[in-house]
Amino acid sequence: THPHITFDGIMATKPGFLTDWPWTPLGSFKYIVVAPWAVHSTYKFVTDDPEKMDLGYFLVLPFLLLRILHNQVWISLSRYYTTKGNRRIVDKGIDFNQVDRETNWDDQILFNGLLFYIGISLLPQAKQLPLWRTDGVLMAALLHAGPVEFLYYWLHKALHHHFLYSRYHSHHHSSIVTEPITSVIHPFAEHIAYFMLFAIPLLTTLLTKTASIASFAGYVIFIDFMNNMGHCNFEFVPKRLFDLFPPLKFLCYTPSYHSLHHTQFRTNYALFMPLYDYIYGTMDENSDTLYEKSIERAEDRVDVVHLTHLTTPESIYHLRIGLASFASYPFSYRWFMRLLWPFTSLSMLFTLFYARLFVSERSSFKKLNLQSWIIPRYNLQYLLKWRKDAINNMIEKAILEADEKGVNVLSLGLMNQGEELNMNGEVYIHKYPKLKVRVVDGSRLAAAVVINSLPKATTNVVMTGNLTKVAYTIAYALCQRGVQVSTLRLDEHEKLRSYVPREFVNQLVHLSSEALSSNKIWLVGEGITREEQEKAEKGTLFIPFSQFPFKQLRGDCIYHTTPALITPKSLVNIHSCENWLPRKAMSATRVAGILHALEGWEMHECGTSFRLSDLDQVWEACLSHGFQPLSVPLPNH
């Protein structure tokens, strides 16, 4: 979208004095720095006489939590809009490095909270502030528009001098594509300088005895709002505001205005008021043009859609539009999830009544625009028979919407392709024979991934768990290659015999427990029992063929991941993990849709009647486009 993108640094090449935050060594325990103050303020609020009660002191902690929530809302909003494409400013994606660099965005909230607590304790004027004083609010606004904006402009220009830039400000400019929280990613020393600037209105109102809780809280929330807006990477300010009041362009910047500062580097230095860039001749000449382009931008054209769903109630936080840092690691239950149960409950209620799918991710690869769409339903709901029709209707609507939007391929992820639910997607292509969008269940690639995860010298495997389309395909292919496929359950053995051609039936064996010692490679699906895992020999390699991982019970065995592949470097804007998969890994069903579009295959690749064949073709296509198998993990100790 930008005419040019320049960049003068990645990180602080010569970290300066006070680069690191004082509590960096504490890691996740950094919150204890405000704990004594929070406890003391709460205790005083509860025990003091009403006449001596200091409401402002007590409200510091709720205010810090409100700021965290405010920032999170901006993160989710920004990621939602930039995913769909509406009003997006910069198309370039972000990566895991940026997410990691911006993880500690709450450091500045802790810092401000600590200074508020100390200020209230030491300054008599800061105690027992009234809720509202109009003169103090007006004074804070005027002081911000004058001294703060003016001094910030020159401080910002100074930070772009090579000496300070290389030691401090380059850390912030590591993010060419900004997210709301990019606004507060600075070294500690910079935050000290910024707080001194923003303290001018606050201290002045205190000294003139015009301060109030509203002036303090309102001013800080204003700064947060404007910072988040300026870095959100989608145009937020409506054009009609500038039409109604043209001078607003000198008084309020826009996200596209500040985005140019991150891509052009030496223009648009202003804090929130472009007036100072106009006065000193540093306004970027493309500011108005970029605003017009961004505000009018429509949704992206999409080539490939991966249709998936929520797994557990807590998985809502693991979406890309959820908790950014949490989503950048494989899903696992964390301690903070217990604290978020009110939000989890609300999200569950919301999904009950909100039946529309939503876009959660976007990426691009070889001129293909890729998106992931989420059906707001959980695993448990897919297992309820009385929910079957409703869920099928949602999947059907998603396929028809994709077809209407001109999507080339739609892959069915997780339980959206259940055999009992919709015959692995066959229901839809029979109901709508004129579908232009090609529906893919990914079974062929999933089978190929499992087979190519086997050690080369493999001569026999054990297969157990609930047999699926993928399992039958794997068994067939292995028998063709002369690999013996053993089963623990007699019913599984009979099912495989009915699927595999007669000439290969002798490769199928039903094993007793005593005969397991020579079988150290197990292909497993959902439904594998604890007892079956216990029967495996020490050092056994478990390779799932199922969509979902199973519980790992053996510390002396090796557990591979569900069918997945490592993405090529040229597949951009990957900065969140797909469910339990490691970073930069993508499920086989998702990759299958991308391959289908890249190869230009015209058939639907789904359904129980679709005979999976030529696994080598799909595997060779996979490797030719740069996807690689995940390495087998080392044994647990």
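Predicted model only: the values in this text are computed from it and were never measured. (Residues numbered from 1 in each chain as written. Predicted model: local features only at pLDDT ≥ 70, side-chain atom pairs only at ≥ 80, totals over all residues. Heavy atoms only, no water.)

**As for the pattern of salt bridges**
For the coordinates displayed, the defined rule picks out 26 salt bridges. The partner of Glu 361 in a salt bridge is Arg 590, with the nearest N and O atoms 3.2 Å apart. Taken as a pair, Glu 361 in strand S2 (residues 358–365) and Arg 590 in helix H25 (residues 588–599) lie far apart in primary sequence, 229 residues in all. Like Arg 590, Glu 361 is buried. Of the charged contacts in the structure, one is a salt bridge between Glu 396 and Lys 431, with a shortest N-O distance of 3.1 Å. Here Glu 396, found in helix H18 (residues 388–404), pairs with Lys 431, found in helix H20 (residues 426–431); they are 35 residues apart in sequence, far enough to count as distant. Taken together, the shared-partner salt bridges connect Lys 84, Glu 299, Glu 401 and Lys 405 into one network. (Salt bridge = Lys/Arg side-chain N within 4 Å of Asp/Glu carboxyl O. Helix = DSSP H or I, 4+ residues; strand = E, 2+ residues; numbered from the N terminus. Buried < 20%, exposed > 50% of the residue type's maximum accessible area, 1.4 Å probe, protein only.)

**Details of the domain arrangement of the protein chain**
When cut into domains, the protein chain gives domain 1 (30–237), domain 2 (304–444 + 583–629) and domain 3 (455–566). The centre of domain 2, based on its C-alpha atoms, is set 26 Å off from the matching centre of domain 3. If you look at where domain 2 meets domain 3, you find two salt bridges. Asp 616 is paired through a salt bridge with Arg 481; the nearest N and O atoms lie 3.3 Å apart. Where domain 2 packs against domain 3, one counts seven residue pairs in polar contact (both at pLDDT 80 or more). Secondary structure elements with two or more residues in the side of domain 2 that touches domain 3: strand S13 (585–587), H25, helix H26 (615–624) and strand S14 (628–629). (Domains from an automatic or database assignment. Polar contact = N/O pair within 3.5 Å; in protein donor to acceptor, adjacent residues only side chain to side chain.)

**A look at the sheet that holds strand S4 (residues 409–412)**
The five strands lie next to each other as S2-S3-S1-S4-S5, forming an open sheet whose pairing is mixed. The strands lining the two open edges of the sheet, one partner per strand, are S2 and strand S5 (438–440). Geometrically, the sheet is characterised by an average inter-axis angle of 20° between neighbouring strands, direction not taken into account. Relative to S4, strand S1 (residues 304–309) runs parallel, the two being bridged by four bridges. (Pairing = 2+ DSSP bridges. Axes fitted to C-alpha atoms, helices over the stretch in contact; angles between N-to-C directions.)

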